[in-house]
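An overview of the molecular structure
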Amino acid sequence: MEPVGIITAAAVRPSPWGIATGPANQCSLTDVMSEELARELQLEEETRAFPQEVLADEGPFLSGDNIDTSSDEVLAQMLQTQFDREYDAQLLREEKKFNGDSKVSISFENYRKVHPCNESDSSDDEVDWQDTRHDPYKAVKPTPVPKKGFVGKGKDITTKHDEVVCGRKNTARMENFAPEFQVGDGIGMDLKLSNQVFNALKEHSISEQRRSARVHDKKEVSTAEKVVDPKTRLLLYKMVNSGVLESINGCVSTGKESVVFHANGGSMEDKEMPPECAIKVFKTTLNEFKNRDKYIKDDYRFKNRFSKLNPRKIIRMWAEKEMHNLKRLHKAGIPCPEVVILKKHVLVMSFIGKDQVPAPTLKEAKLGSEDSKQAYYEVLSMMKQLYEQCSLVHADLSEYNMLWHDGKVWLIDVSQSVEPTHPHGLEFLYRDCRNVSQFFQKAGVTEALNERELFNAVSGLNITSDNQVDFMAEIEALEKVNEDHVQCHGKKISAFHKDDDDEGPPIIYDE
Ligand code: ATP
Ligand code: MN
């Protein structure tokens, strides 16, 4: 008998099970010492345990560990049988648990572990098995089967546990992975992937697919529906349905307190719609508004209502507040979006920008020195107008809330704007002045007043302190005087600025 390469390896390796029970043949000492005989005996034994078909194939499971004694084979079979029984029993239990008392039951029969002897090459089943995405059995997934084909006495069947055959199949199956999943050039080679590696790869490919789907989803949602809950979506669809809007396009911005969409204006009976609209959807999550209470709570216009409103209505009030304030601005001729319609927490206004591209903020606009200077004077005069004519302090004025469009500055985001007599109105004004002053000074506008000068210029007050701390102290003192006045006389010093709300767009509070 010609020695086969494999035998040499097997002969050299010691059995991991300790002393191997050698064949009981009687022979002389010379014979025992003969390597030739040793090899022959070994070969004989190997051939009995593992038929030629498998032996001819090189595979990790053929070398050494499990093949030295026939008892290994028996042991493996016993273990496998034991395992299969346990597994099937567990399967049955799981099936019962899963179905409970339900009249319609689901059979787990297909997951039963059929004994390898009766098993055909069922790699397809295995794919299902390995694919645990919808697998109610994930919890009872068995520990890996012995890494060995069930071959041997009378059972020279090549099963899916044949690592070589299986390995090749696994490699081929990588072609079924998502096309974007890079599997290298292993498919064209005689590459054998163990189940473990294949499973890991498969799982990775699935999770990759899911991840990319998620990322994709996100993108899609963000174009039209991000942060828009079903109720808001319905509201938006209604606007399109009624023809007020022709279509709703992409999302322009997701801010702290709102999401802004672009829309094409439709038509309303007697009112002309702007061709391009911005829809500001105030977020219905309350977190962002928690620290904003003070803007509205102390605004006497809303004082009586505030305490009675639930959080959802408070958010609608923000939208309403923005609408009122925008109308005041508009009336005073300050460039700003024109209100189209207000529904609950959704405010539709004219779009500042062109062809769905919003105008850049002053922060983004990168103006040249001439434009910067012009912008500065516009902002200065707007702040004055706002204060004097609209009786408002923006309260969130900065280069982020001013847009550069059509060669001039536009004011946006006035939901938090308050009257100067608001208990913190002057502080807000001072903060606005600081932002504006710092921005234009940094932009190189040498004419820009410093924050204190700007404050006096806008408010018409004459606070003389030359440092911030004292200046602030004076402002707070003034606010206090005003508050005391309210306490004594029950009204504010400055006149109540009446809104012409009746002419405004419909306000719908109740669902
Ligand atoms: P942020 O927290 O970022 O300040 P916000 O929730 O206060 O956002 P706004 O500042 O009113 O909301 O709007 C956010 C952005 O949406 C603006 O910076 C601007 O780019 C865009 N935007 C808002 N209104 C309009 C409009 N009428 N036309 C064009 N773009 C607009
Ligand atoms: Mn803003």
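Look a little higher up for the structure.
Not measured: the values here are computed from a predicted model. The numbering scheme is per chain: residues are counted from 1 as the chain's sequence reads. Here the convention is simple: chains get letters from A, ligands get numbers from 1, in the order in which they are written. Local features in this predicted model are restricted to residues whose pLDDT is 70 or higher, and side-chain atom pairs enter the listing and the counts only when it is 80 or higher, whereas totals over whole chains, interfaces and linings include all residues. Working from all heavy atoms in the structure, the side-chain values ignore hydrogens and water.

For the rest of this paragraph, the subject is the side chain of Glu 276. Relative to the assigned elements, Glu 276 resides in strand β3 (residues 276-282). Despite being buried, Glu 276 has no salt bridge partner; Lys 354 is the closest side chain of opposite charge, sitting 6.1 Å away. Under the rule applied, a polar contact is a pair of N or O atoms within 3.5 Å (in protein, one hydrogen donor and one hydrogen acceptor; residues adjacent in sequence only if both atoms are side-chain atoms). Within polar-contact distance, the side chain of Glu 276 engages the backbone nitrogen of Asp 355 at 3.0 Å. In this structure the side chain of Glu 276 is engaged in a polar contact, spanning 2.7 Å, whose partner is the backbone nitrogen of Gln 356. Every residue pair with non-hydrogen atoms within 4.5 Å of one another is taken to be in contact. Other than its neighbours up to four places away in sequence, Glu 276 contacts His 262, Ala 263, Gly 265, Met 349, Ser 350, Phe 351, Gly 353, Lys 354, Asp 355 and Gln 356. Note on conventions: DSSP H or I runs of at least 4 residues are helices, E runs of at least 2 residues are strands, and numbering of each starts at the N terminus. Throughout this description, buried means an accessible area under 20% of the type-specific maximum (1.4 Å probe, protein chains only), exposed means over 50%, and partly exposed covers the range between. Within this scheme the basic residues Lys and Arg register as positive and the acidic residues Asp and Glu register as negative, but His and the chain ends are omitted. Salt bridge, as used here, is a side-chain nitrogen of Lys or Arg placed within 4 Å of a carboxyl oxygen of Asp or Glu.

This part covers helix α17 (residues 468-489). Between the first and last C-alpha of α17 there are 31 Å, a value that for 22 residues agrees with the 32 Å anticipated at 1.5 Å per step. N-capping of α17 is provided by Asn 467, with a side-chain oxygen placed 3.2 Å from the backbone N of Val 469. Helix span is expected to be 1.5 Å times the residue number reduced by one.

Moving on to the packing of aromatic side chains. What describes a pair of aromatic rings is the distance from one ring centre to the other and the angle between the planes of the rings. Pairing of aromatic rings covers Phe, Tyr and Trp, the last counted by its six-membered ring, and requires centre-to-centre distances within 6.5 Å; plane angles under 30 degrees mean stacked, over 60 mean edge-to-face, and any other angle means tilted. Following the criterion strictly, the structure yields 7 aromatic pairs and no others. Ring geometry for Tyr 430 against Phe 455: centres 6.2 Å apart, planes inclined by 65 degrees, an arrangement best described as edge-to-face. Of this pair, Tyr 430 sits in helix α15 (residues 425-442) while Phe 455 sits in helix α16 (residues 451-459), placing them 25 residues apart in sequence. For the residue pair Tyr 430 and Phe 455, the accessibility class agrees, reading buried in each case. Through a chain of ring-to-ring contacts, the aromatic side chains of Tyr 376, Tyr 377, Phe 439 and Phe 440 assemble into a single cluster.

Before going further, it helps to spend a moment on the nonpolar core. As a rule of thumb, nonpolar side chains are buried together in soluble globular proteins. The set of buried Ala, Val, Leu, Ile, Met, Phe, Trp, Tyr and Cys residues whose side-chain atoms join them within 4.5 Å is what this entry labels a nonpolar core. Met 383, Phe 440 and Phe 455 are the most contacted members of the largest nonpolar core, which has 55 residues in total. Discounting residues that sit within four places of it in the chain, Phe 440 has contacts with Leu 362, Ser 372, Ala 375, Tyr 376, Val 379, Val 445 and Ala 448. Counting 17 residues, the second largest nonpolar core, distinct from the first, contains Leu 235, Phe 261, Ile 279 and Val 348.

Here a donor is any nitrogen, oxygen or sulfur atom (N, O, S) within 2.8 Å of the metal, with 3.2 Å used for Na, K and Ca; water is not among the atoms considered, so some sites may look incomplete. Around the manganese ion (ligand 2), the protein contributes the donor atoms Asn 401 (OD1) and Asp 413 (OD), at 2.2 Å from the metal centre. Taken together, the residues span a long stretch of sequence, with Asn 401 in the loop between α14 (369-388) and β8 (402-405) and Asp 413 in the loop between β9 (408-411) and α15 at a distance of 12 residues. Asp 413 matches Asn 401 in its accessibility class, with the two residues each being buried.

Another point: the layout of surface pockets. Residues are called lining when one of their atoms sits within 4 Å of a cavity or pocket point, these points coming from a 1 Å grid over the protein atoms alone, where a cavity is a set in which a 1.4 Å probe fits but cannot get out and a pocket is an open set with protein on both sides within 12 Å along at least five of seven lines. Grid points are joined across faces, edges and corners, and a volume is the space filled by probe spheres set on the points. Considering only enclosed or pocket space, the largest pocket measures out at about 750 Å³ in volume. Lining the largest pocket are 27 residues; nearest its centre among them are Ser 253, Val 260, Tyr 400, Asn 401 and Ile 412. Three classes are used, and their members are as follows: Ala, Val, Leu, Ile, Met, Phe, Trp, Tyr, Cys and Pro are nonpolar, Asp, Glu, Lys and Arg are charged, and the others, Gly among them, are polar. Residue classes in the lining of the largest pocket are distributed as 13 nonpolar, 7 polar and 7 charged.

We now examine the pairing of β3. Summarising burial for β3: 7 of the 7 residues are buried, a large majority. Pairing geometry for strand β2 (residues 258-265) and β3, over 7 bridges, is antiparallel. When the bridges of β3 are listed, Asn 264 appears paired with Glu 276. We call two strands paired when DSSP finds no fewer than two bridges between them. As defined by bridge partners, β3 adjoins strand β5 (residues 346-350) across 5 bridges and the pair is classed as antiparallel. Note that in β5 the partner of Ile 279 across the bridge is Val 348.

Neighbouring ligand 1 are 18 residues, the closest being Lys 256, Ser 258, Lys 280, Ile 352 and Asp 413. One nitrogen or oxygen atom from the side chain of Lys 280 is found 2.6 Å from an oxygen atom belonging to ligand 1. Residue Asp 413 places a side-chain N or O atom 2.6 Å away from an oxygen atom belonging to ligand 1. Computed with a 1.4 Å probe, the accessible areas rest on the Shrake-Rupley method; for each residue, only the protein chains presented here act as cover. Against a free-state accessible area of 590 Å², the protein chains account for coverage of 89% of ligand 1. With respect to the pocket detection grid, ligand 1 is positioned in the largest pocket. Class assignment for the residues of the shell around ligand 1 results in 9 nonpolar, 5 polar and 4 charged. One heavy atom suffices: a residue is near a molecule or strand as soon as one of its heavy atoms comes within 4 Å of it. For a molecule to be placed in a cavity or pocket, more than half of its atoms must lie within 2 Å of the grid points of that cavity or pocket.

A few words now on the side chain of Ser 372. The topology assignment puts Ser 372 in helix α14. On the accessibility criterion, Ser 372 (5% relative accessible area) is buried. Once residues lying within four places of it in the same chain are set aside, the contact partners of Ser 372 are Leu 367, Phe 440, Ala 443 and Val 445.

Time to look at the pairing of β2. For β2, the tally of buried residues reaches 7 of 8 residues, placing the bulk of the element in the interior. Where strand β1 (residues 245-254) and β2 come together, 6 bridges link them in antiparallel fashion. By the bridge assignment, Ile 248 is partnered in β2 with Ala 263. Adjacent in sequence and paired antiparallel, β1 and β2 are bridged by 3 residues.

Turning our attention to the environment of Lys 354. Along the polypeptide, Lys 354 turns up in strand β6 (residues 353-354). Taking the C-alpha atoms as reference points, Lys 354 and Pro 275, separated by 79 residues in sequence, lie 10.0 Å from one another.

Here we take up the sheet that holds strand β4 (residues 339-343). The 5 strands are arranged β1-β2-β3-β5-β4 in an open sheet whose pairing can be described as antiparallel. Every other strand in the sheet has two partners, leaving β1 and β4 as the edge strands with one partner each. For this sheet the average axis-to-axis angle between neighbouring strands, irrespective of direction, equals 20 degrees. Sitting on the sheet, helix α12 (residues 311-331) touches β3, β4 and β5, and the angle it makes with β4 is about 160 degrees. Lines fitted to C-alpha atoms define the axes, with helix axes restricted to the stretch in contact, and inter-axis angles between N-to-C directions lie between 0 and 180 degrees.

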